[in-house]
Amino acid sequence: MSFKPLYDRVLVRRIEASEKTAGGIIIPDTAKEKPQEGEVVAVGPGSRGDDNARVPLDVRPGDRILFAKWSGTEVLIDGEELLIMKESDILGIVETEVAAKKAA
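Fair warning: this is a prediction, and the values are worked out from it, not measured in the lab. (Residues numbered from 1 in each chain as written. Predicted model: local features only at pLDDT ≥ 70, side-chain atom pairs only at ≥ 80, totals over all residues. Heavy atoms only, no water.)

J.: Looking at this model, I keep getting lost on the sheet that holds strand 5 (residues 64-67). Mind explaining?
T.: Backbone hydrogen bonds hold the strands of a sheet together, and the pairing may be parallel or antiparallel. Spatial strand order, 6-7-1-2-5-8: six strands in an open sheet with antiparallel pairing. The open sheet has two free edges, formed respectively by strand 6 (73-77) and strand 8 (90-94), since each of these has just one partner strand. Going across the sheet, the axis of each strand differs from the next one's by a mean of 45°, ignoring polarity. Bridge analysis of strand 1 (residues 9-14) against strand 7 (residues 80-86) gives four bridges, and the strand direction is antiparallel. The residue bridging Leu 11 from the neighbouring strand is Ile 84, located in strand 7. (Pairing = 2+ DSSP bridges. Helix = DSSP H or I, 4+ residues; strand = E, 2+ residues; numbered from the N terminus. Axes fitted to C-alpha atoms, helices over the stretch in contact; angles between N-to-C directions.)

J.: Explanation requested: the pattern of salt bridges in the structure shown.
T.: Once their charged atoms are close, side chains differing in charge can pair, the charge on each being opposite to the other. Following the criterion strictly, the structure yields four salt bridges and no others. For Glu 74, the salt bridge is made with Arg 14, and the minimal N-O distance between the two is 3.5 Å. Separated by 60 residues along the polypeptide, Glu 74 in strand 6 and Arg 14 in strand 1 bring together distant segments of the chain. What emerges from the salt-bridge pattern is a single network uniting Arg 13, Glu 39 and Glu 80. (Salt bridge = Lys/Arg side-chain N within 4 Å of Asp/Glu carboxyl O.)

J.: Just checking my understanding: could you explain the nonpolar core for this structure?
T.: Among the nonpolar cores identified, the biggest contains eleven residues, and these are Val 10, Val 12, Val 40, Val 43, Leu 57, Val 59, Ile 65, Phe 67, Leu 83, Met 85 and Ile 90. Of all elements in the fold, only strand 1, strand 2 (37-43), strand 5 and strand 7 reach the threshold of two or more residues within this core. Aside from chain neighbours lying at most four places away, what touches Leu 83 is Val 10, Leu 11, Val 12, Arg 14, Phe 67, Ser 71, Gly 72, Thr 73 and Glu 74. With five residues, the next largest nonpolar core counts Leu 11, Ala 42, Ile 77 and Ile 84 among its residues. (Core = buried A, V, L, I, M, F, W, Y, C linked by side-chain atoms within 4.5 Å. Buried < 20%, exposed > 50% of the residue type's maximum accessible area, 1.4 Å probe, protein only. Contact = heavy atoms within 4.5 Å.)

In structure tokens, the structure reads:
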């Protein structure tokens, strides 16, 4: 099954945080918080502006993003737990060093 979000909605897969702290302490599952970092899986075509023209989204599939703690709605698609959220819930795009060097 394929899923295409509508308007300015984004489908996100959470990226799991590491199970150890920097000091080497293992964090048990009961103490873990849900990660606030994810990978964009699919994006909608964008919202409509005041002049009825389509406003494209700033994120693309494959982008690593940070989002607010309580953002989005959890959905189960093909047995995988994903999030659907509005683009405005996204705080920013995480750029890796390789991507930053290509842009420069």
